Amino acid sequence: MNERFDVLKQDAKLGGMPESRGLNFYETDYNLDFLIRFYVPKDKYEHVRPLLSRMGAVAGEELDDLSREADRYPPEFFPYNKNGERVDHVKYHPAYQRMEEIGYSQFGLVAMSHRSGVMGWPTPFSRVLKYSFWYIFAQSEFGLCCPMSMTDSAARVIDQFASHEIKKTYLPNLTSTDMKKLWTAAQFMTEKQGGSDVGENTLMAKKVGDQWELWGDKWFCSNVSADVALVLARPEGASKGTKGLAMFLVPKKLENGERNRYRINRLKDKLGTKDMASGEVSFDGAIGYVVGDIDNGFKQMMSMVNSSRLSNAVRSSAMMRRSFLEALVTARGRQAFGQALIKLPLMKENVFEILLDTEAAASMVFFTANVFDKTENGSEEYKPLLRLLTPLLKGYICKRARYITAEAMEIRGGNGYIEEWVNPKLVRDAHLGSIWEGTTNIVALDVIRAINKELAGDVFLKDFKLRLSNLNNVYVIRAAKLCLKKAEKFKEKVDSIVQEKTFEHEISAKCYMDYMYHLCAASLLLEEADFQLSKDGSYRKMFIFMHYFHRYLLSSNVTGAFDRSLNKWLDAIIDWGQIPANVIEDLLNELEPQAIKSIG
């Protein structure tokens, strides 16, 4: 057993009310450590571990305290100053401001993938390493991750599409770790009449002399106090729909120091992410600078949205991890009916379900981050796969986080429903994940669109087969054959979507999305199992795969050996202990005939 987990093996106490405060969110997360070892060369792994441990310590105590404090005291809006002048000032609580220092400056969560030198790192951080830090940070603070993500994505869009002058003016501030120089960014896209149908947007851009002026309203603007906003507007005379939209960079202040001509009407009273200001904005001739091709604004914005979708999935998977941690310390540290809660059979099932979903979600986000790294390093063949994975993760993980956070709340019982504990905040924040950057319906249709237009389904299945063709352990290979048969069966659905493009495919879009997610997650768990066996000789990840495949890719209700194995080996699974090979063989012997029968 890894010594890092000793702190979680507390004895249950009568009347005890345990929580996770003070734990190091990295040192107690062996799965995250495992995934970094899986994707990162050994020298970089050894170099980054102390930095992640530092983040884990901050997240487990100071950041968590600040987050709960800021959640209780949302930002205030002051449209006018004492002289009656329009200022549109958003006042944030000191706890929120301190969190900004931790995120933007101390750990450089925005700057880290854009330039070298952040925390002494010699190069820009890879997406895998970057999201390792975000994964830990978001376990305590979700709301601030929105402004940080939009600032990060805006810098990337500006770097890709903007003119040299715009890059020179804005990129150094957007990627600064100096709070006095830092500018944050936002994307203002949603309008009252359009919502998810961005093609209905009416914000007008008028050419006046050699500059553009924006007129109209935006309905939902998160990080509304941002220094810079990327805004979609329709130039006069442009076509209807998304093809007629252009992207403009709209600064809060003009070069002469004057406020730009847009105003905040009010702040939104939200269910969650209460510490971060979202508002409604009216543009009264605001100056905007065209970013990239004026006829390509929507596509450029979608590149920002797709990056944000992955970030959103990382944050939701982080809240799942925090929920698991809270459920675990509760189940192990609280006593009922004369024994620790974790000893009760149904509680074992509750905790294991959360663990299973949490580990699968982490596997998916870090796999996708690795694919993102490959595309940015010039591997063109991975672009269709990334195009598919971002909505796939956004659709499933963000929705599932709602369920997982609620389950963890129920495990804590009455205390879990009280705002003094972290669970209500996790539940409230989790609900936003399914709405930002496209609702579940929108991203499910986007998955179908990627299969149709980019033939991403074929790329997905090709990558799936390639990854499962390089395995070594005999049990892993046996299990891989079942996955490959499931994938071959699903290929019929993919071919049907491409060839027929029927109304029924849209009705089933969420089902296809969920199935593809589970298929991909199962394959990743298998790869990880093979890696773990080669490095540590442990069957733990193989156990996780077996239960995941049985639970999500089979329709059989026959459990038998699966229930027995969960009852006997749950503690070893939680503590990353050794699982004997005969346990895996018993599970495979029960799984194989069920799988073959389900495939038909």
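Residues numbered from 1 in each chain as written. Predicted model: local features only at pLDDT ≥ 70, side-chain atom pairs only at ≥ 80, totals over all residues. Heavy atoms only, no water.

(A) Region of interest: the packing of aromatic side chains. All told, the structure shown has 22 aromatic pairs when counted by the stated rule. When the centroid spacing of 5.5 Å and the interplanar angle of 35° are considered together, the rings of Tyr 262 and Phe 283 count as tilted. Note that Tyr 262 is positioned in strand β8 (residues 262-267) and Phe 283 in strand β9 (residues 278-290), a separation of 21 residues in sequence. Just as Tyr 262 is buried, Phe 283 falls in that class too. (Phe/Tyr/Trp six-rings, centres within 6.5 Å; stacked < 30°, edge-to-face > 60°. Helix = DSSP H or I, 4+ residues; strand = E, 2+ residues; numbered from the N terminus. Buried < 20%, exposed > 50% of the residue type's maximum accessible area, 1.4 Å probe, protein only.)

(B) Just the environment of Phe 545, in detail. Within the fold, Phe 545 resides in helix α17 (residues 540-552). When near neighbours in sequence (up to four residues on either side) are disregarded, Phe 545 contacts Ala 479, Cys 483, Ala 522, Leu 525 and Leu 526. (Contact = heavy atoms within 4.5 Å.)

(C) Structural detail: the pattern of salt bridges. A complete count under the given rule lists 49 salt bridges for this structure. We note a salt bridge from Glu 376 to Arg 156, for which the minimum N-O separation is 3.0 Å. On the criterion of sequence distance, the pair formed by Glu 376 in helix α9 (residues 345-376) and Arg 156 in helix α6 (residues 145-161) is long-range, its members being 220 residues apart. The salt bridge involving Arg 478 is made with Glu 592; its shortest N-O contact spans 2.8 Å. (Salt bridge = Lys/Arg side-chain N within 4 Å of Asp/Glu carboxyl O.)

(D) Inspection of the packing of helix α1 (residues 30-39) against helix α2 (residues 42-60) at higher detail. Where α1 meets α2, the closest approach of the two axes is 11 Å, and the angle between their N-to-C directions is 150°. Regarding the angle of α1 to α2, the classification is roughly antiparallel. Relative to α2, α1 is oriented so that their crossing is right-handed. Side by side, α1 and α2 meet where Asp 33, Ile 36 and Arg 37 of the first sit next to Tyr 45, Val 48, Arg 49 and Leu 52 of the second. (Axes fitted to C-alpha atoms, helices over the stretch in contact; angles between N-to-C directions. Parallel < 35°, antiparallel > 145°, perpendicular 65-115°, else oblique. Left-handed = near helix turned anticlockwise from the far one by under 90°.)

(E) Expanded view of the packing of helix α5 (residues 127-137) against α9. As a packed pair, α5 and α9 sit with axes 8 Å apart at the nearest point and diverge in direction by 145°. Facing α5, whose interface residues are Arg 127, Val 128, Tyr 131, Ser 132 and Tyr 135, α9 presents Thr 358, Ala 362, Phe 366, Ala 369, Asn 370, Phe 372, Asp 373 and Glu 376.

(F) Region of interest: the pairing of strand β3 (residues 185-188). Burial along β3 is two-sided: Ala 185 and Gln 187 and Ala 186 and Phe 188, pointing in opposite directions, are all buried. Sheet topology places β3 next to strand β6 (residues 228-235); four bridges connect them, and they run parallel. For Gln 187, the partnering residue across the bridge sits in β6 and is Leu 230. (Pairing = 2+ DSSP bridges.)

(G) A look at the nonpolar core. Counting 211 residues, the largest nonpolar core has Phe 133, Phe 283, Tyr 517, Met 542 and Phe 545 as its most contacted members. Ignoring sequence-local partners within four residues, the contact set of Met 542 consists of Tyr 475, Val 476, Ala 479, Leu 526, Ala 529 and Ile 584. (Core = buried A, V, L, I, M, F, W, Y, C linked by side-chain atoms within 4.5 Å.)

(H) Just a positive patch on the surface, in detail. On the surface, Lys 243, Lys 299, Lys 453 and Lys 501 cluster together into a positively charged patch. By the element assignment, Lys 453 lies in helix α12 (residues 440-453). For Lys 453, a relative accessible area of 67% translates into the label exposed. (Patch = residues over 30% accessible without salt bridge, like charges linked within 9 Å, V, L, I, M, F, W, Y side chains within 5 Å. Areas by Shrake-Rupley, 256 points an atom, 1.4 Å probe, with all protein chains shown as cover. Lys, Arg positive; Asp, Glu negative; His and termini not counted. Charge placed at Lys NZ, Arg CZ, Asp CG, Glu CD.)

So far we have only geometry, and geometry alone does not tell us how the molecule works.
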